[in-house]
Amino acid sequence: MTHVLDPNALADTSGGAGTPPDPFADVTRSNDAFRAFLHGLPGVDQVGAEARAKVLGTRSIKTTAKAWAIDTAISMVDLTTLEGADTPGKVRSLAAKARRPDPTDPTCPAVAAVCVYGDLAGVAKEALAGTGINVAAVATAFPSGRASREVKLADVRDAVANGADEIDMVIDRGAFLTGRYLDVFEEIVAVKEACARQGTGRAHLKVILETGELVTLDAVRRASWLAMLAGGDFIKTSTGKVSPAATLPVCLVMLEAVRDFRAATGRQVGVKPAGGIRTTKDAVKHMVLINETVGADWLSPDWFRFGASSLLNDLLLQRQKLRTGHYSGPDHVSVD
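So, here is what we can say about the structure in this document. (Residues numbered from 1 in each chain as written. Predicted model: local features only at pLDDT ≥ 70, side-chain atom pairs only at ≥ 80, totals over all residues. Heavy atoms only, no water.)

1. Brief notes about the environment of Lys 90
Secondary-structure assignment places Lys 90 in helix 4 (residues 88–99). A C-alpha to C-alpha distance of 36 Å links Lys 90 and Val 294, two positions 204 residues apart in sequence. Excluding residues within four positions of it along the chain, Lys 90 makes contact with Thr 81 and Glu 83. (Helix = DSSP H or I, 4+ residues; strand = E, 2+ residues; numbered from the N terminus. Contact = heavy atoms within 4.5 Å.)

Have a look at this one:
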């Protein structure tokens, strides 16, 4: 199974670079107009969102459905290493695991992508050549986003030149939280333009909201809409460096946003929770949330990803348990 995003599904339906899709083409004419639009979005009932996420998180699934869910979750993983001590050798090892998550079982699906820092994107690209597994690279002064726009765009161009198929950018949370929405919008548009690859289309853009710093679910909804209006192909919860990271209520709000955005514009946008998703139970809870909130259209690596490292190990152990009836020893999976 390959996981190349469908270029037709992600076709840009806006009126041009920096122009939101109809019927929202006029909302970014000024920061005041944009603020009025974003603050005019329906408010989030935080208590209700938390209660719904809790109820959906208690759903159980049957064994046959669990086997499908585990394999689907594996195919949705962006296998990630984002440490200062990362080396080319570690990235090659991660790429080998991405290709064959369970070396003893050729029926185990490959993951969706390997996510690394931009300077190591070329190493990952070479190691994954011919597999259909994407290379995702973080950029725009990840994880803080604290750099000039020129530096951020150079960061993106460097990662794309190194072979990145996908760019995971961070928004300027300081600008967002102080109401400079048009600045954030214009930066996302500029980053998307910097994702262009000479003669081969562009890298797909995931926009990291860093929801742990946005504080409220209302802010998460506004940031989600801002990122989608600017042309983001995915909206992503977190860098994984800030706590809380991915939570079910936050993911619920983001899923509702992509659902409503598609209903209004006809354009589908993916969702990627990242940070703190470590177990098969965590993954299944998110998949139930997807099915109940936006439907099966998003149950695909084209439209939903898990940003994770340790999650894959637990998925493999649970998969082995379903196949054999017993848990494997700790050496069944590699230590990332």
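Back to the write-up after that little detour.
2. As for the sheet that holds strand 4 (residues 166–170)
Read across the open sheet, the eight strands follow the order 7-6-5-4-3-2-1-8; overall the sheet is parallel. Two strands bound the open sheet, and with one partner strand each, they are strand 7 (270–272) and strand 8 (306–308). Pairs of neighbouring strands in the sheet enclose a mean axial angle of 25°, with direction left out of account. Here three bridges tie strand 6 (residues 234–236) to strand 7, and the two strands are oriented parallel to one another. Bridge assignment links Ile 235 to a residue of strand 7, and that residue is Val 271. (Pairing = 2+ DSSP bridges. Axes fitted to C-alpha atoms, helices over the stretch in contact; angles between N-to-C directions.)

3. Focus: the nonpolar core
Ranked by size, the top nonpolar core spans 102 residues in total, and within it Phe 34, Ile 167 and Ile 188 carry the most contacts. Sort the elements by how many residues they give to this core and helix 10 (residues 248–265) lands first, with ten residues. With residues up to four places along the chain from it excluded, the contact list for Ile 167 reads Ala 137, Ala 139, Val 156, Ala 159, Val 160, Cys 195, Ala 203, His 204, Leu 205 and Lys 206. Core analysis: the next-biggest nonpolar cluster, separate from the first, contains seven residues, Ala 136, Phe 142, Val 170 and Ile 208 among them. (Core = buried A, V, L, I, M, F, W, Y, C linked by side-chain atoms within 4.5 Å. Buried < 20%, exposed > 50% of the residue type's maximum accessible area, 1.4 Å probe, protein only.)

4. Digging into helix 9 (residues 217–229)
For helix 9, built from 13 residues, the straight-helix expectation of 18 Å at 1.5 Å per residue is met to within 8% by its first-to-last C-alpha distance of 18 Å. Across the 13 residues of helix 9, twelve count as buried, placing the element largely inside the fold. Among all positions of helix 9, only Leu 217, Ala 219, Val 220, Arg 221, Arg 222, Ala 223, Ser 224, Trp 225, Leu 226, Ala 227, Met 228 and Leu 229 are buried. The first or second residue beyond helix 9 is Gly 231, which carries a positive phi of 105°. (Expected span 1.5 Å × (residues − 1).)

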